[in-house]
Amino acid sequence: MEAIEKRHEPGHPSPNLRDYDDACARFSWAAARALMAQLPGGGLNICFEAVDRHVPLLGEHVALRCLTRQGTRRELTYRELAAQTSRFADVLARLGVAKGARVFGLMGRIPELYVAALGTLKRGAVFCPLFSAFGPEPLFSRLSIGDGAVLVTTPSLYRKKVAGLRERLPALQHVLLVRETPGEELPPGTLELEALLRAASPDRPVEPTRPEDPALLHFTSGTTGKPKGALHCHRAVVQHHVTGALALDFHPADVFWCTADPGWVTGTSYGIISPLTHGLTVLVDENEFDGERWYRQLEEERVTVWYTAPTAVRMLMRLGDELPRRFDLSRLRFIASVGEPLNPEAVQWSVRALPHAIHDNWWQTETGGIMIANFRAMPIKPGSMGKPLPGIRAGVVEKQANGEYAQVPTGAVGELALRPGWPAMFATYLHEEERYRRCFASDWYLTGDLARVDADGYFWFVGRGDDVIKSSGHLIGPFEVESVLLEHPAVAEAGVIGKPDPVAGELVKAFVSLKPGFAEGEALRAELLAHARKRLGAVVAPKELAIVASLPRTRSGKIMRRLLKARELGLPEGDLSTLEAP
Ligand code: AMP
């Protein structure tokens, strides 16, 4: 497929990064750090960089424009956001929440979520977003691993998902609720956030955090074991800012819409922090996907930069080429996407139908910010993730006979690796220092992804090196799903795989064998699916489930997910030498 060359469009500002090689040669992280306002004495605080620093010049500019489920809009200027986040920081201080304590947020995309996230950072505490569609089990594991001291949520989410877990969460001292209807009675053991905010000081200053102080906790999934809590520091804001300029091409007065939920890392790094550090107006949409409404919103809200995900793009593609032409998208200047492979057809569709190329970029929870990107001034090779950000060294590596990792020749497939030391790099997996150390070898950070790099230096995603599943952009650990299935009295063994799906990328498929005395049948299959959905929530639960006589295991007893997948897809079964029984 031919590379797509882009011409400068009159009326639009020229790209921030005009010449890739020149930008790489001139880039330094020290210079990037100097773009931050910083606190006296070399301190750094994400909330200060995102909000307070703008108040003198941009105080009346809209920071957040929230479109609610009721069809109304709520706007917060930078001055209002500074006051509200100070109040939130003051609430935490008055409740005795110490610097470094962990504050969890479990809400839809409502203004209070943004106030809580930034206010927590202003207090010097650590914010951990939770996805509101999670069921009780994923919520429990994350709150307990993270020793959550405070949870900010709504009465309905609390009643449905958290109240029943409270006894098992001894570290959880305060639950702050955002009322959904005025006058509604609150459950026992909770406090009303609005009343606390009213009584708090709007002038509480920013906690003088250091660049290395922890700021954000983002959970991610591995092949085995419990979710991993990747801890990020205030220094990450340097990269959030720089990538906003170079990879998303932010310019002053942009209206930016990131469709990711702040329950995931993209929705925090780019749905909150990065655009605010540039003083932009951030569009926040509480509603779920609706193609026609999305196009209308791009037009009516005059969105100039749009960051979305391949699953959403594929859903838009299904609605056809004609629909977007009914809307005036001429203000839109730049579109980017992340989270899963963006098929070459999707890039070509976007050029034809939107008509703007979608710029794929790559990063992951652990990297904290964009690492590889298709920059605005660079030709796009459809299907490629682009080139490393200036300041980032990426390689494709392979383990050698001596145990060291070395780069493979151009074009060969290996593991995608990064030279450690970028500002948004995670500082540890909470309570799992050994698991963290295992991510590093021969001076590389190993990403777990397989990739190749071509002769022009473009990186191409090949697949995951492990069994984690990417479904509609959400990373799902098979172990978490298998554990919940095994809780059901009928289930003897469970194995979970990602099955390719034309829209979601992959969907979660489970295989289970039954304990003696349980009979296979449609009723039991439906019951198992319902059990998983209730415990895990709709995004994580399997969409398909097959009851089988037994599951393939290695001699050491591990379920061979690889083999389950090969059999499901009718692919060669590969090396079976470790299979327990033929
Ligand atoms: P998460 O930590 O949930 O953000 O997921 C990160 C993973 O998503 C990466 O390790 C990749 O497997 C996948 N991913 C992210 N961006 C891309 C992309 N542009 N192309 C292909 N896969 C991607």
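Counting of residues starts from 1 at the beginning of each chain's written sequence and follows it residue by residue. Selection of residues for local features in this predicted model requires a pLDDT of at least 70, selection of side-chain atom pairs for listing and counting requires 80 or more, and totals for whole chains, interfaces and linings are taken over all residues. Hydrogens are left out, water is left out, and the side-chain values use all remaining heavy atoms of the structure.

**Q** Looking at this structure, how should I read the overall build of the protein?
**A** Here a helix means four or more residues in a row that DSSP labels H or I, a strand means two or more in a row labelled E, and each is numbered from the N terminus. Scanning the protein for helices and strands turns up 19 helices and 28 strands. Here the radius of gyration uses the C-alpha set of atoms, whereas the globule reference equals 2.2 Å times the residue count to the power 0.38. Relative to its length of 582 residues, the protein is compact, with a C-alpha radius of gyration of 24 Å against a globular reference of 25 Å. A simple rule labels every residue: compare its accessible area, found with a 1.4 Å probe on the protein chains alone, to the largest value its type can have, and call it buried under 20%, exposed over 50%, or partly exposed in between. For the protein, with 582 residues in total, the buried portion stands at 60%. Throughout, a contact is declared for two residues whenever any of their heavy atoms are within 4.5 Å. Sequence separation of 24 or more characterises 70% of the internal contacts of the protein that already satisfy a separation of 6 or more. Total accessible area on the protein is roughly 23300 Å²; 53% of this is exposed by carbon and sulfur atoms. Positive and negative charge centroids in the protein, built from 68 and 69 side chains respectively, lie 2 Å apart. What sets the accessible areas is the Shrake-Rupley method with a 1.4 Å probe; for residues, cover comes only from the shown protein chains. In this charge count, Lys and Arg are treated as positive and Asp and Glu as negative; neither His nor the chain ends contribute. Charge coordinates come from a single atom per side chain, which is NZ of Lys, CZ of Arg, CG of Asp or CD of Glu.

**Q** Help me out: how do you make sense of the sheet that holds strand β16 (residues 387-388) in this one?
**A** Think of a sheet as strands paired side by side through backbone hydrogen bonds, with each pair either parallel or antiparallel. Strand order in the open sheet formed by nine strands is β2-β1-β11-β10-β12-β13-β14-β15-β16, with mixed pairing between adjacent strands. Of all the strands in the sheet, just β2 (73-77) and β16 have a single pairing partner and so form its edges. Relative to strand β11 (residues 281-285), strand β10 (residues 255-258) runs parallel, the two being bridged by three bridges. Each residue of the ladder has a partner; that of V255, found in β11, is T281. Where helix α6 (residues 111-123) meets the sheet, it contacts β1 (62-67), β2 and β11, and its direction lies at approximately 25° from that of β2. Between any two strands, pairing holds if DSSP finds at least two bridges. A fitted line through C-alpha atoms serves as each axis, taken over the contacting stretch for helices, and the angle formed by two N-to-C directions is quoted from 0 to 180°.

**Q** In this structure, what is going on with the site of the ligand? I would like to understand it.
**A** In these notes, residues near a molecule or strand are those with any non-hydrogen atom within 4 Å of it. Every one of the 17 residues lining the ligand counts as a neighbour, but N361, T365, D449, R464 and K470 are closest to it. A distance of 3.3 Å separates a nitrogen atom of the ligand from a polar atom in the backbone of E340. Taken by itself the ligand offers 490 Å² of open surface, and the protein chains cover 95% of this. Among the elements of the structure, β14 (358-362) and β23 (459-464) are those that each provide at least two residues to the shell around the ligand. In protein, a polar contact requires one atom able to donate a hydrogen and another able to accept it; more generally it is a pair of N or O atoms within 3.5 Å, and residues adjacent in sequence count only if both atoms are side-chain atoms.

**Q** Can you help me understand the domain arrangement of the protein in this one?
**A** Size of an interface: often given as the accessible area lost when the parts come together. Domain parsing of the protein yields domain 1 (20-449) and domain 2 (469-569). For the domain bounds, the source is a domain assignment made automatically or taken from a database. Computed over C-alpha atoms only, the centres of domain 1 and domain 2 are separated by 30 Å. On the domain 2 side, the residues contacting the 24 residues of domain 1 number 24 residues. Accessible area that two parts lose when put together, evaluated with a 1.4 Å probe and summed over both, is termed the buried area. Each partner contributes to the roughly 1700 Å² buried at the junction of domain 1 and domain 2, and carbon and sulfur atoms together form 57% of this total.

**Q** Teacher, can you tell me more about the packing of aromatic side chains here?
**A** We describe a pair of aromatic rings using the distance from one ring centre to the other and the angle between the two ring planes. Between rings of Phe, Tyr and Trp, where Trp is taken as its six-membered ring, a pair exists when centres lie within 6.5 Å; planes separated by under 30 degrees are stacked, by over 60 edge-to-face, and by other angles tilted. One pass over the full model with this rule turns up 21 aromatic pairs. Between F131 and W264, the aromatic rings sit 5.2 Å apart at their centres with planes inclined by 55°, giving tilted as the arrangement. Taken together, the positions of F131 in the loop between β4 (126-130) and α7 (136-145) and W264 in the loop between β10 and α11 (265-277) put the pair 133 residues apart, joining distant regions of the chain. Judged by centre distance (6.2 Å) and plane angle (75°), the ring pair of W294 and W306 falls under edge-to-face.

**Q** What is the right way to read the packing of helix α13 (residues 310-318) against helix α15 (residues 344-353) from this model?
**A** If you want to describe how two helices pack, look at the angle between their axes and the distance between the axes. Relative to each other, α13 and α15 sit at 55°, their axes nearing to 10 Å. Viewed along their axes, α13 and α15 adopt a mutual orientation that is oblique. Considering only the axes of α13 and α15, their crossing is left-handed. Where α13 abuts α15, its residues V313, L316 and M317 lie against E345, A346 and W349. For the contact of α13 with α15, the per-class residue count stands at five nonpolar, no polar and one charged. Each angle gets one of four labels, with under 35 degrees taken as roughly parallel, over 145 as roughly antiparallel, 65 to 115 as roughly perpendicular, and the rest as oblique. Crossing handedness is read from the near helix: turned anticlockwise from the far helix by less than a right angle, it gives a left-handed crossing, and turned clockwise, a right-handed one. For this classification, Asp, Glu, Lys and Arg are treated as charged, while Ala, Val, Leu, Ile, Met, Phe, Trp, Tyr, Cys and Pro are nonpolar and the rest, including Gly, are polar.

**Q** Looking at this model, I keep getting lost on the nonpolar core. Mind explaining?
**A** For the purposes of this section, nonpolar cores are sets of buried Ala, Val, Leu, Ile, Met, Phe, Trp, Tyr and Cys residues that join through side-chain atoms within 4.5 Å. V152 and Y307 are the most contacted members of the largest nonpolar core, which totals 99 residues. Per-element accounting of this core gives the leading share, seven residues, to α6. The contact partners of V152, leaving out residues within four places of it in the chain, are F88, V103, F104, G105, L106, M107, A116, L176, V178 and L193. With 49 residues, the next largest nonpolar core counts L151, L169, A494 and A510 among its residues.

**Q** Looking at this structure, I do not really get the side chain of N287. What am I missing?
**A** Looking at the element boundaries, N287 is found in the loop between β11 and α12 (291-300). Judged by its relative accessible area of 19%, N287 is buried. Once you skip the residues sitting within four places of it in the chain, N287 turns out to touch L67, T68, R69, R109 and R293.

**Q** What is the right way to look at the pattern of salt bridges in this model?
**A** Any two side chains of opposite charge can pair, so long as their charged atoms come close to each other. A pair is scored as a salt bridge if a Lys or Arg side-chain nitrogen falls within 4 Å of a carboxyl oxygen belonging to Asp or Glu. Going through the model one piece at a time under the given rule, you end up with 49 salt bridges. Here E286 and R69 are joined by a salt bridge, their closest N and O atoms 3.2 Å apart. Note that E286 is positioned in the loop between β11 and α12 and R69 in the loop between β1 and β2, a separation of 217 residues in sequence. Looking at R69, the relative accessible area reads 48%, which means it is partly exposed. As a salt-bridge pair, K381 and D454 come within 2.9 Å of each other at their nearest N and O atoms. Of this pair, K381 sits in the loop between β15 (372-373) and β16 while D454 sits in the loop between β22 (444-453) and β23, and the two are 73 residues apart along the sequence. One exposure class covers both K381 and D454, and it is buried. One network of salt bridges, with partners in common, ties together R69, R109, D261, E286 and E288.

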